[in-house]
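As a plain string of letters, each chain reads:
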Amino acid sequence: MISPAVFIPVLEKTGYISRLDQYVVQKVRQFQKTRYEAGLSVVPVSVNLSRVDFYDEEIMTTLMKDLAENSIPGWMMRIEVTETSYAAMEEHSNALLDQMHQYGIKLLMDDFGSGYSSLNVLRNTSVDAIKLDMQFIVRDSESSKGRQIVESVIEMARRLNLPIIAEGVETPEQVSMLQAAD
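Computed from a predicted structure; not experimentally measured. (Residues numbered from 1 in each chain as written. Predicted model: local features only at pLDDT ≥ 70, side-chain atom pairs only at ≥ 80, totals over all residues. Heavy atoms only, no water.)

Caption draft 1: Representation of unusual backbone geometry within the structure. Here the phi dihedral of Asp-111 falls at roughly 60 degrees; this positive angle occurs in a residue that is not glycine. Within the secondary structure layout, Asp-111 lies in strand S3 (residues 106-112). Its relative accessible area of 21% is what places Asp-111 among the partly exposed residues. With a phi close to 55 degrees, Asn-161 is a non-glycine residue in the positive phi region. Looking at the element boundaries, Asn-161 is found in the loop between helix H9 (144-159) and strand S5 (164-166). (Helix = DSSP H or I, 4+ residues; strand = E, 2+ residues; numbered from the N terminus. Buried < 20%, exposed > 50% of the residue type's maximum accessible area, 1.4 Å probe, protein only.)

As structure tokens, this is what we get:
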């Protein structure tokens, strides 16, 4: 197994990340369209987009146009973009978010808490949910300070009416910690 932390930077550096993103999005759309047209149950699928593609207006416009042309409801697609991607180009991010919301596409802020600007980004964007960085769960579930941070983030998300997803939950202790924080 090769961790995405190893191969994603290589793909970004070489420019192949867009091809991977487009391939994954295409396969997800095909799968959903087949199920949708067959009358089978369909659930939203989250797709991670690289920072490169999130900023590429042509790719994002093509994605939204393709959903509309293929009669795939936007609610079937969730796009995940890292918190640092939002922060790097805030004005562009907000315009794109507005356009995505018009199509019904939900946007999730991935790796929340991993960057330096989480609160500013939350204040200035209209994301649909946040995904708590797994390091808060994996590393901090045993420490008192870590648990307090997780509890605070959950409370903040609740007050902002934002769903929160915890990444990296693997042990009963981590589940218990999250249940106690909720």
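Caption draft 2: Looking closely at the sheet that holds S3. Sheet architecture is open: 5 strands sit in the order S1-S2-S3-S4-S5, paired in parallel fashion. Both edges of this open sheet fall to strand S1 (45-48) and S5, since each of them pairs with a single strand only. Here the strands of the sheet are splayed against their neighbours by 25 degrees on average, with no regard to which way each runs. Bridge count for strand S2 (residues 77-82) against S3 is 5 bridges, and the pairing is parallel. Residue pairing for S3: Glu-80 is matched across the bridge by Leu-108. On the sheet, helix H2 (residues 17-37) packs against S1 and S2 and is oriented at approximately 170 degrees with respect to S1. Against the sheet, H9 makes contact with S3, strand S4 (129-132) and S5, and its axis sits at roughly 175 degrees relative to S4, the strand it touches most. (Pairing = 2+ DSSP bridges. Axes fitted to C-alpha atoms, helices over the stretch in contact; angles between N-to-C directions. Contact = heavy atoms within 4.5 Å.)

Caption draft 3: Highlighting the layout of surface pockets. If you add up the space inside the largest pocket, you get close to 760 Å³. Taken together, 28 residues form the lining of the largest pocket, with Pro-4, Ile-8, Asn-48, Thr-82 and Asp-111 sitting closest to its centre. Taken together, the elements giving at least two residues each to the lining of the largest pocket come down to helix H1 (4-14), H2, S1, S2, helix H5 (83-88) and S3. Tallying contributions element by element places H1 first for the lining of the largest pocket, with 6 residues. Across the lining of the largest pocket, the residue classes break down as 13 nonpolar, 8 polar and 7 charged. (1 Å grid on protein atoms, 1.4 Å probe; cavity = no way out; pocket = protein on both sides within 12 Å on 5 of 7 lines; lining within 4 Å. Points joined across faces, edges and corners; volume = space filled by probe spheres on them. Nonpolar A, V, L, I, M, F, W, Y, C, P; charged D, E, K, R; others polar.)

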